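Examining the three-dimensional arrangement
Chain by chain, the residues:
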Amino acid sequence: MSIPFNKPYLTGKEAHYMYKAVFAGHLSGNGEYTKKCQAFFQERYGFKKCLLTTSGTDALEMCAMLCDLKPGDEVIIPSYTFVSSALAFLREGAKVVFADSMKRNPNLDAEAIEALITPRTKVIVPVHYAGVACDMDRIMEIAEKHNLLVVEDAAQAIDSYYRSPVTGNPFPLGSIGHLAAFSFHETKNITAGGEGGLLVVNDERFIRRAEILWEKGTNRAEFFRGAVNKYGWVDMGSSFLPAEINAAFLWAQLENLDEIQNKRKALWETYYKLLKPLADKGYFQLPDIPEYATNNAHMFYLVFPSLEKRTALIQHLRENDIMAVFHYLSLHSSQYYKDKHDGRELPECDRYADTLVRLPMYYDLEIEDVERICLVIQAMYSV
Ligand SMILES: *Cc1c(COP(=O)(O)O)cnc(C)c1O
């Protein structure tokens with residue numbers, strides 16, 4: 001039987017809640033299910049203000065709008081990430097300054113940030129790759145020192161934490177930066193019916209404007225709270241809020257979040273345990289979870305010593321009906337951005353583009369499937 005790379009998770013209750021949303025008579029956004037989902041995130045993770053969006057990309061676009069960038073302002077973003085992390089800021093007229101990844105894992109190298117800061121720098125965008133925290137104490141310290149905003153691209157990071165090495169306290173990813181964006185695309189741990197996202201506002205200064213951008217540039221939210229007696233056009237904005245049926249779908253998944261996370265972590269641990277002997281022999285590297293990070297089992301990836309060795313594994317797995325896929329291409333050398341990039345080499349980013357591969361990871365995968373995948377991988381290296 002063939003094993004796909006990803007399969008969206010269904011609890012079985014999605015259709016029930018969508019049916020209820022339809023017959024409640026409130027189909028557009030910001031209804032009962034939207035409010036339930038937003039309250040869930042605020043209560044469980046202590047996020048100050050949450051607004052559901054139609055995608056993670058939209059949540060990032062709202063973050064970029066809230067940063068109030070002027071033409072020529074600079075934003076530091078890792079090059080090893082999804083297009084949206086950069087595009088959201090580029091379309092606000094900012095200059096994107098791409099940063100390299102760490103040697104130990106694909107996250108932004110906090111130690112390389114300060115060299116990129118100029119008087120025009122306004123924002124740093126740490127992307128928590130594979131749901132694994134960036135070095136947030138260091139990044140927040142640099143941001144404070146240079147008076148910069150921090151927007152966490154937490155698209156992959158639901159239910160993952162940063163543990164401060166100083167205090168030992170765990171902080172949910174998405175709660176540390178001034179703003180954060182999550183994705184509920186069908187490839188993420190939980191989905192809002194294919195597409196969806198969440199804007200998190202942790203700095204109270206941005207809450208009022210976030211609601212206005214979300215409501216197409218109107219102060220409709222204040223009107224419904226009774227704070228103003230009519231509402232109108234007061235600022236920029238767009239159609240960022242999802243319909244109720246998407247929120248209803250997401251609600252079914254949130255009810256099962258712990259079960260989803262526990263299953264994914266069990267699969268992840270099985271991969272790790274069974275592949276460790278091969279990693280110890282140097283065939284590839286296993287995912288890196290730094291001391292300051294927790295694992296939300298969003299992804300199980302391997303890093304190979306060369307492109308050829310990665311290609312050989314992908315090919316070998318495909319011959320055994322197992323779909324493994326590589327990930328990002330470096331954004332700084334993309335067709336769209338290469339002429340705008342300042343020419344700096346970003347060798348670690350290029351290395352991950354060439355040598356990282358992701359193994360199948362989804363809720364419906366069984367431990368026995370993971371065992372079979374690992375046997376197929378082991379067979380490739382036994383002589
Ligand atoms: C998935 C993802 C996005 C985009 O989210 P969408 O919901 O697909 O728009 C942005 N950044 C990262 C790092 C992602 O993984």
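Here is what the cut-offs are and how they apply
- Residues numbered from 1 in each chain as written.
- Predicted model: local features only at pLDDT ≥ 70, side-chain atom pairs only at ≥ 80, totals over all residues.
- Heavy atoms only, no water.
- Helix = DSSP H or I, 4+ residues; strand = E, 2+ residues; numbered from the N terminus.
- Buried < 20%, exposed > 50% of the residue type's maximum accessible area, 1.4 Å probe, protein only.
- Contact = heavy atoms within 4.5 Å.
- Areas by Shrake-Rupley, 256 points an atom, 1.4 Å probe, with all protein chains shown as cover.
- Lys, Arg positive; Asp, Glu negative; His and termini not counted.
- Charge placed at Lys NZ, Arg CZ, Asp CG, Glu CD.
- Axes fitted to C-alpha atoms, helices over the stretch in contact; angles between N-to-C directions.
- Parallel < 35°, antiparallel > 145°, perpendicular 65-115°, else oblique.
- Left-handed = near helix turned anticlockwise from the far one by under 90°.
- Nonpolar A, V, L, I, M, F, W, Y, C, P; charged D, E, K, R; others polar.
- Phe/Tyr/Trp six-rings, centres within 6.5 Å; stacked < 30°, edge-to-face > 60°.
- Lys NZ or Arg CZ within 6 Å of the ring centre and 35° of its normal.
- Near = heavy atom within 4 Å.
- Polar contact = N/O pair within 3.5 Å; in protein donor to acceptor, adjacent residues only side chain to side chain.
- Domains from an automatic or database assignment.
- Buried area = accessible area lost by both parts, 1.4 Å probe.
- Salt bridge = Lys/Arg side-chain N within 4 Å of Asp/Glu carboxyl O.
- Pairing = 2+ DSSP bridges.
- Expected span 1.5 Å × (residues − 1).
- Arc of directions from axis to C-beta.

Attention now goes to the overall build of the chain. Along the chain, the regular secondary structure elements total 12 helices and 12 strands. Each of the three principal axes of the chain carries a C-alpha extent, and together these read 80 × 55 × 45 Å. In the chain, which comprises 383 residues, the proportion classed as buried is 57%. For the chain, contacts bridging at least 24 residues in sequence account for 73% of all contacts bridging at least 6. Carbon and sulfur atoms make up 54% of the accessible area of the chain, which totals about 16,700 Å². Mean positive and mean negative side-chain charge positions of the chain (41 and 50 charges, respectively) differ by 2 Å.

For the rest of this paragraph, the subject is the packing of helix α3 (residues 56-66) against helix α6 (residues 207-214). As a packed pair, α3 and α6 sit with axes 10 Å apart at the nearest point and diverge in direction by 130°. What the angle tells us is that α3 and α6 run oblique. Our pair here, α3 against α6, has a crossing hand that is right-handed. Of α6, the residues touching α3 (which contributes Met62, Met65 and Leu66) are Arg209, Ala210, Leu213 and Trp214. Here the residues of the contact of α3 with α6 sort into six nonpolar, no polar and one charged.

Moving on, we get to the packing of aromatic side chains. Following the criterion strictly, the structure yields 24 aromatic pairs and no others. Ring geometry for Phe40 against Phe41: centres 5.6 Å apart, planes inclined by 90°, an arrangement best described as edge-to-face. With respect to burial, Phe40 and Phe41 carry one shared label: buried. With 4.8 Å between their ring centres and 25° between their planes, Tyr271 and Phe300 make a pair best called stacked. With a gap of 29 residues between them, Tyr271 in helix α9 (residues 257-280) and Phe300 in strand β10 (residues 300-303) connect regions that are remote in the sequence. Taken together, the ring pairs connect Tyr80, Tyr129, Tyr301, Tyr328 and Tyr352 into an aromatic cluster. The ring of Tyr363 is capped by Lys263, whose NZ or CZ atom sits 4.8 Å from the centre of that ring. Above the face of the Tyr336 ring, Lys340 is positioned so that its terminal group lies 3.8 Å from the ring centre.

Attention shifts here to the site of the ligand. Around the ligand, the structure places 16 residues, and the nearest of them are Gly56, Thr57, Gln156, Ser183 and Lys188. Lys188 is positioned with one of its side-chain polar atoms (N or O) 3.3 Å from an oxygen atom of the ligand. Considered on its own, the ligand offers 380 Å² of accessible surface; in the complex 92% of this is hidden by protein. Among the elements that line the shell around the ligand, the one with the most residues is α3, at three residues.

For Asn30, which is not glycine, the phi dihedral falls at a positive 60°. Relative to the elements of secondary structure, Asn30 occurs in the loop between α1 (14-23) and α2 (32-45). Despite not being glycine, Ala130 shows a phi value in the positive range, around 60°. Here Ala130 lies in the loop between β4 (121-124) and α5 (136-146).

A few words now on the domain arrangement of the chain. Many authors give the size of an interface as the accessible area that is lost as the parts come together. Taken domain by domain, the chain holds domain 1 (14-255) and domain 2 (257-380). With 46 residues of domain 1 at the contact, the number on the domain 2 side is 37 residues. Taken together, the two surfaces of domain 1 and domain 2 that pack against each other cover about 3,700 Å², and 53% of this comes from carbon and sulfur. On the domain 1 side of the contact with domain 2, Tyr80, Arg104 and Asn189 bury the most area, a combined 19% of that side's loss. Arg104 serves as the salt-bridge partner of Glu291, at 3.4 Å between the closest nitrogen and oxygen. Of all the secondary-structure elements, those providing two or more residues to the side of domain 1 that touches domain 2 are α2, α4 (83-90), β3 (95-99), β6 (161-163) and α8 (244-255).

Turning our eyes to something else, we now look at the sheet that holds strand β1 (residues 49-53). Spatially, β1-β9-β8-β5-β4-β2-β3 is the arrangement adopted by the seven strands of the open sheet, whose pairing is mixed. Looking at strand neighbours, the two that pair on one side only are β1 and β3, the edges of this open sheet. Each strand of the sheet is rotated relative to its neighbour by a mean of 25°, with strand direction disregarded. Together, β1, β5 (149-153), β8 (179-183) and β9 (197-201) form the strand contacts of α3, whose direction differs from that of β8 by roughly 165°.

For helix α10 (residues 307-319), spanning 13 residues, the distance from its first C-alpha to its last is 18 Å, which sits close to the expected 18 Å at 1.5 Å a residue. Taken together, the buried positions of α10 are occupied by Arg310, Leu313, Ile314, His316 and Leu317. Seen along its axis, α10 keeps its buried residues to an arc of 165°; they face one direction. Along α10, the residues that are exposed and aim more than 90 degrees away from the buried face are Glu308 and Glu319.

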